[in-house]
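Examining the three-dimensional arrangement
What follows is each chain in one-letter form.
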Amino acid sequence: MTLIKKSNRLQLHYYFKDNSHTIDSILRNECEKEILHIYKEISNTLGLQLRLETLPTEEGGFKETWRFIGKNSVQITLIVSVATIIISRFPAENKELTKLQIENLKLDNELKIKELEKLNLDFINHDNELNRQKVVDSVELVNKNYKITWRKSNLYKKLNNYQKIDSIEVRRFKQDEPIDEPRKIHRREFSKFILSSDDLPKLELNNALIDVISPALKRGKFKWKGFYDKEIINFLMDDIEFKTQVLRGGIHFSNSFSIEVKMTLERKINQEGNIIITNSIVNKVIASIDQGKRIEYSNYQAQQ
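Quick summary incoming for the structure in this document.

Conventions used here
Residues numbered from 1 in each chain as written. Predicted model: local features only at pLDDT ≥ 70, side-chain atom pairs only at ≥ 80, totals over all residues. Heavy atoms only, no water. Helix = DSSP H or I, 4+ residues; strand = E, 2+ residues; numbered from the N terminus. Buried < 20%, exposed > 50% of the residue type's maximum accessible area, 1.4 Å probe, protein only. Contact = heavy atoms within 4.5 Å. Areas by Shrake-Rupley, 256 points an atom, 1.4 Å probe, with all protein chains shown as cover. Arc of directions from axis to C-beta. Polar contact = N/O pair within 3.5 Å; in protein donor to acceptor, adjacent residues only side chain to side chain. Patch = residues over 30% accessible without salt bridge, like charges linked within 9 Å, V, L, I, M, F, W, Y side chains within 5 Å. Salt bridge = Lys/Arg side-chain N within 4 Å of Asp/Glu carboxyl O. Axes fitted to C-alpha atoms, helices over the stretch in contact; angles between N-to-C directions. Parallel < 35°, antiparallel > 145°, perpendicular 65-115°, else oblique. Left-handed = near helix turned anticlockwise from the far one by under 90°. Nonpolar A, V, L, I, M, F, W, Y, C, P; charged D, E, K, R; others polar.

1. Describing the overall build of the protein chain
- For the protein chain, the helix and strand inventory stands at eight helices and twelve strands.
- Here the protein chain holds 304 residues, and 47% of them are scored as buried.
- Within the protein chain, contacts between residues at least 6 apart in sequence are counted, and of these 70% link residues at least 24 apart.
- On the protein chain, roughly 16,500 Å² of surface is accessible, and the fraction owed to carbon and sulfur atoms is 46%.

Next comes the structure, spelled out in structure tokens:
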């Protein structure tokens, strides 16, 4: 099986149309921010510790180099190798974050544990050699992290908006010695990495349980307040029949009143790369629970 040459540095080389050696300071800092977040997410996803040092910049057009510091040379080589591929490889689906990536927001729980057990990265603690298949498997796991796709989109969006850049190259190093051939991305290819929207697919929930804090007892698009998934939420009651019965006084609320519902959550990614809920809509009330007594919604009509 093919072994991976050890490395401890990654270099990003900017090539400019005018053959100069200067770069806009704000752009440089914004691009580095996205790259550092990518490194961090790779490290977190693989469950590895990571420290970085930035080395002095070089001309020709403009070169940024980071030195990776970890427990041992195999861990460092794995992170550098994965980062090199992730930054430079065209995404298979490049216009929207996939449902798989979004729902793997919970990757840090049971799923992540199972994936890491299957990947079996314990071998790095013994400073063994790193084979190509281990890198391929690690890249596959890392690609399930939506934040990496989103951060990479941000990076190439910034690069695409800076007209001076002609192309970039990503390359691994062992100290000052280059490893493998550089991976080059031309300007015309930047758009392949850019997501068309930060909006996410709506999340449809069945049998969601909301503890009602305060209902809206006036007509209009007033939001209710409740407690769901350990958080206080404001939500629209879009079940017209249930809402009508509430306004008529047909349903009485206590401090232990809950509703079991079908609910839609509208979501987006904020500036920190986290998924936030922008709107919560109750489409259908299935049942109410009050002091341990559960009443199917269909029974409400029979009682009126």
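2. A look at helix α5 (residues 132-142)
- Those residues of α5 that sit buried are Lys-134, Val-135, Ser-138, Val-139, Leu-141 and Val-142. For α5, the angular spread of buried residues about the axis comes to 160°, placing them on one side.
- Near the N-terminus of α5, the side chain that reaches the backbone nitrogen of Gln-133, with its oxygen 3.1 Å away, is that of Asn-131.

3. As for the side chain of Arg-9
- Locating Arg-9 in the fold gives a position in strand β1 (residues 9-16).
- The exposure class assigned to Arg-9 is buried, which follows from its relative accessible area of 10%.
- Within the structure, Arg-9 has its side chain in polar contact with the side chain of Gln-175 (distance 3.1 Å).
- Here Asp-176 takes part through its side chain, which lies 2.8 Å from a polar atom of the side chain of Arg-9.
- Not counting residues up to four positions away in its chain, the partners in contact with Arg-9 are Leu-55, Thr-65, Trp-66, Arg-67, Phe-68, Val-80, Arg-171, Arg-172, Phe-173, Gln-175 and Asp-176.

4. Comments concerning a nonpolar patch on the surface
- On the surface, Ile-213, Phe-227 and Ile-232 cluster together to form a nonpolar patch covering roughly 290 Å² of accessible area.
- Structurally, Ile-232 is set in strand β9 (residues 231-237).
- Classification of Ile-232 by relative accessible area gives exposed; the value is 56%.

5. What about the packing of helix α2 (residues 73-88) against α5?
- Orientation of α2 relative to α5, taken along the N-to-C sense of each, is 60°, at an axis distance of 10 Å. As the angle between them shows, α2 and α5 are arranged oblique. The two elements α2 and α5 meet at a crossing, and its hand is right-handed. In this structure, α2 uses Leu-78, Ser-81, Val-82, Ile-85 and Ile-86 to contact α5, whose residues at the interface are Lys-134, Val-135, Ser-138, Val-139 and Val-142.
- Residues that form the contact of α2 with α5 fall into these classes: seven nonpolar, two polar and one charged.

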